[in-house]
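Coordinate analysis (summary)
Single-letter residue listing:
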Amino acid sequence: MTDDRTAPAPEPIRFFGTSWVDRGRDYWLRRALVPVGALLTVLAGAFVLRFAVSGVQLSKSGGFVNGLLIGAIAVCSCLAALRNWKQLSEGRDALTGWMAEEKSLGAVWLIGCVGAAAAYFLRSLTEAPGEAVRRARYERAVERHERRSTGRAGRPGKRRKG
């Protein structure tokens, strides 16, 4: 019998809380609404970036500058999508190298917000984003807790010598 007061608690997931543990009715409602919200975020971000590109086009700076801007937005979106996908599927600890940079690449992540939101949308179609990582971590913690709490069932008075 385990002691529930010391049992590990599941980590909450943004928009899902801890409903991912038992996957109740509330979980499935959120699983339906989160992709819709993420898709709306992608569309809103693309709309804002379209205004930015239009502003540069209005300045009549030339096709080369317009091409550079569109290329930069595309590259930043791809990088942000890759980073967000890895973070949601493997966890923040799996980010290494340039993906782990927060401050020095902050502008890249900001410009690439559409790609990050698109990755979040795609991930939310299969699971609560980040659920697999948190579920594995939670199940390992519960297993360790159960092993520790069961302890020695045979002869608790007997001590190991040496």
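Below you will find a few notes about this structure. Since the model is a prediction, treat every value here as computed from it, not as a measurement. (Residues numbered from 1 in each chain as written. Predicted model: local features only at pLDDT ≥ 70, side-chain atom pairs only at ≥ 80, totals over all residues. Heavy atoms only, no water.)

A word on the nonpolar core
Within the largest apolar cluster, ten residues are counted, these being I13, F16, W20, Y27, V34, A38, L88, Y120, F121 and A128. Put simply, the parts of the chain that give this core at least two residues each are α1 (25-58) and α4 (113-124). Top contributing element to this core by residue count: α1, with three residues. Judged by nonpolar contacts, the second largest core, of six residues, contains L49, I73, V114 and A117. (Core = buried A, V, L, I, M, F, W, Y, C linked by side-chain atoms within 4.5 Å. Buried < 20%, exposed > 50% of the residue type's maximum accessible area, 1.4 Å probe, protein only. Helix = DSSP H or I, 4+ residues; strand = E, 2+ residues; numbered from the N terminus.)

Topic: the packing of α1 against α4
Contact geometry of α1 with α4 gives a least axis separation of 8 Å together with a crossing angle of 160 degrees. Compared by their axis directions, α1 and α4 come out roughly antiparallel. The hand of the α1/α4 crossing is left-handed. Packed against α1, whose contacting residues are R31, V34, P35, A38, L39, T41, V42, G45, A46 and L49, the element α4 presents V114, A117, A118, Y120, F121 and S124 at the interface. When its residues are assigned to classes, the contact of α1 with α4 shows twelve nonpolar, three polar and one charged. (Axes fitted to C-alpha atoms, helices over the stretch in contact; angles between N-to-C directions. Parallel < 35°, antiparallel > 145°, perpendicular 65-115°, else oblique. Left-handed = near helix turned anticlockwise from the far one by under 90°. Contact = heavy atoms within 4.5 Å. Nonpolar A, V, L, I, M, F, W, Y, C, P; charged D, E, K, R; others polar.)

Some details on the packing of aromatic side chains
Ring pairs (aromatic) are described by centroid distance and by the angle formed between their planes. Applying the stated criterion to the full structure yields six aromatic pairs. Aromatic pair F15 and Y120: ring centres 6.5 Å apart, planes at 80 degrees, arrangement edge-to-face. Placement of F15 in the segment before α1 and of Y120 in helix α4 is noted, with a sequence separation of 105 residues between them. For F15, a relative accessible area of 52% translates into the label exposed. According to the relative accessible area criterion, Y120 is buried, its value standing at 16%. Aromatic pair F16 and Y27: ring centres 5.8 Å apart, planes at 50 degrees, arrangement tilted. (Phe/Tyr/Trp six-rings, centres within 6.5 Å; stacked < 30°, edge-to-face > 60°.)

As for helix α5 (residues 131-150)
The end-to-end C-alpha separation of α5 is 28 Å, in line with the 28 Å expected for 20 residues at 1.5 Å each. Within α5, the full set of buried residues consists of E131, V133, R135, A141 and H145. (Expected span 1.5 Å × (residues − 1).)

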